[in-house]
Amino acid sequence: MYGYSSKEEFNNVPVSARFYDLNDRIRWLKLVQEQGKVEGLEIQLRRKDGTLFWASFNTLPQTIGSGEKRILNVIQDITERKQARMKLEQAAEEWQTTFDSITDMISVHDKDHRIVMVNKAWADTFKMPPQAFIGRYCYEIVHGTDSPTANCPLDRTFKTGTTELMEMFEPHLGLWLQISTSPIMGKNREVTGVVHSMRDISIGKKLQ
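Residues numbered from 1 in each chain as written. Predicted model: local features only at pLDDT ≥ 70, side-chain atom pairs only at ≥ 80, totals over all residues. Heavy atoms only, no water.

Some words on the nonpolar core
Formed by 21 residues in total, the largest nonpolar core has its most connected members in Ile 115, Trp 122, Phe 126, Phe 133 and Met 198. Secondary-structure elements contributing two or more residues to this core are strand E5 (115-118), helix H4 (120-126), helix H5 (138-142), helix H6 (153-160), strand E7 (175-185) and strand E8 (191-200). Here this core takes four residues from H4, the largest share from any one element. When residues no more than four places from it in sequence are discounted, the contact partners of Phe 133 are Ile 115, Val 118, Trp 122, Ala 123, Phe 126, Met 128 and Ile 141. Listed in part, the 11 residues of the second largest apolar core include Trp 28, Ile 43, Phe 53 and Ala 55. (Core = buried A, V, L, I, M, F, W, Y, C linked by side-chain atoms within 4.5 Å. Buried < 20%, exposed > 50% of the residue type's maximum accessible area, 1.4 Å probe, protein only. Helix = DSSP H or I, 4+ residues; strand = E, 2+ residues; numbered from the N terminus. Contact = heavy atoms within 4.5 Å.)

The following block contains the structure:
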């Protein structure tokens, strides 16, 4: 894993030289001293040729027959997993940026009308942070009611699996809204959620 040709060559290299950042070694030693073991510590290590790889460190104390205490390190190369995770995190960050740049009020809902996520435009409209909406019923937020409204497009999309469109005046908000609901399909082509989009068309309605 480190790129050495023999145990002897490996053992002749100082332990500190195998760490990319000596602070990682200090952190590892501190965990061993304070907790007696280390589980899943992710750090970068250095190969013989100077290239780096991500490793998962697991350290356990051992006592051999003479009573001498040692520590056993189990080190796993997790470079591919780490890179994949970093790509996912980057993609998620880029997606969130795109999601929040949309000026329409976008939200995602489950089958019980509970809100799964909202974008910045939605949060700004209701003047609360996005996390404050998660798990709440959309109808209590949008309509101020304790149950879904009649002819709810969200219900229709869950039933038909198709996009629904409608315009309505919402007295709770004092706004004319253009609403669209689009299905999120699962592996078996069942509707697992709905993307709910609202656009304020009050100015256009007043002009009309």
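Quick look at the packing of aromatic side chains
Following the criterion strictly, the structure yields 12 aromatic pairs and no others. Ring centres of Trp 28 and Phe 57 lie 5.5 Å apart, and the angle between their planes is 55°; on these two criteria the pair is classed as tilted. One end of the pair, Trp 28, is in helix H2 (residues 22-35); the other, Phe 57, is in strand E2 (residues 52-63), and 29 residues separate them in sequence. On the accessibility criterion, Trp 28 (5% relative accessible area) is buried. The buried category is assigned to Phe 57, whose relative accessible area is 3%. When the centroid spacing of 4.7 Å and the interplanar angle of 15° are considered together, the rings of Trp 95 and Phe 99 count as stacked. Remark: Phe 99 and Trp 95 occur in helix H3 (residues 79-101); sequence separation between them is four residues, near one turn of the helix. (Phe/Tyr/Trp six-rings, centres within 6.5 Å; stacked < 30°, edge-to-face > 60°.)

Let's talk about the sheet that holds E2
By definition, the strands of a sheet pair up through backbone hydrogen bonds, in either a parallel or an antiparallel sense. In spatial order, the strands read E1-E2-E3; together these three strands make up an open sheet with antiparallel pairing. Of all the strands in the sheet, the pair left with one neighbour each is strand E1 (38-46) and strand E3 (69-77). Along the sheet, successive strands turn relative to each other by an average axial angle of 35°, direction set aside. Strand direction decides the pairing type here: E2 and E3, joined by nine bridges, are antiparallel. Across the sheet, Gln 62 pairs through a bridge with Arg 70, a residue of E3. (Pairing = 2+ DSSP bridges. Axes fitted to C-alpha atoms, helices over the stretch in contact; angles between N-to-C directions.)

Focus on the pattern of salt bridges
Tallying each qualifying case throughout the model produces 12 salt bridges. Of the charged contacts in the structure, one is a salt bridge between Lys 120 and Asp 124, with a shortest N-O distance of 2.8 Å. With a gap of four residues between them, Lys 120 and Asp 124 both fall in helix H4, about one helical turn apart. Owing to a relative accessible area of 45%, Lys 120 belongs among the partly exposed residues under this scheme. (Salt bridge = Lys/Arg side-chain N within 4 Å of Asp/Glu carboxyl O.)

Concerning the side chain of His 109
Tracing the backbone shows His 109 in strand E4 (residues 105-109). In this structure His 109 comes out as buried when scored by relative accessible area, which is 1%. Here Ser 107 takes part through its side chain, which lies 2.6 Å from a polar atom of the side chain of His 109. Ignoring sequence-local partners within four residues, the contact set of His 109 consists of Arg 114, Ile 115, Val 116, Cys 138, Leu 154, Phe 158, Gly 193, Val 194 and His 196. (Polar contact = N/O pair within 3.5 Å; in protein donor to acceptor, adjacent residues only side chain to side chain.)

Brief notes about H3
Compared with the 33 Å implied by 1.5 Å per residue over 23 residues, the 33 Å span of H3 between its first and last C-alpha is a close match. Burial in H3 covers these residues: Thr 79, Lys 82 and Phe 99. Buried-residue contacts for H3 involve E1, E2, E3, E4 and E5. (Expected span 1.5 Å × (residues − 1).)

Considering the sheet that holds strand E6 (residues 164-170)
Read across the open sheet, the five strands follow the order E5-E4-E8-E7-E6; overall the sheet is antiparallel. Either end of the sheet is taken by a strand with one partner, and the two such strands are E5 and E6. Strand-to-strand, the axes of this sheet are offset by a mean angle of 25°, without reference to chain direction. Pairing of E6 with E7, which is carried by seven bridges, proceeds in the antiparallel orientation. Bridge pairing links Met 168 to Leu 177 in E7. Strand contacts of H6: E4, E6, E7 and E8, with the helix running at about 145° to E8, the strand carrying the most contacts.

In short, geometric facts, not functional conclusions.
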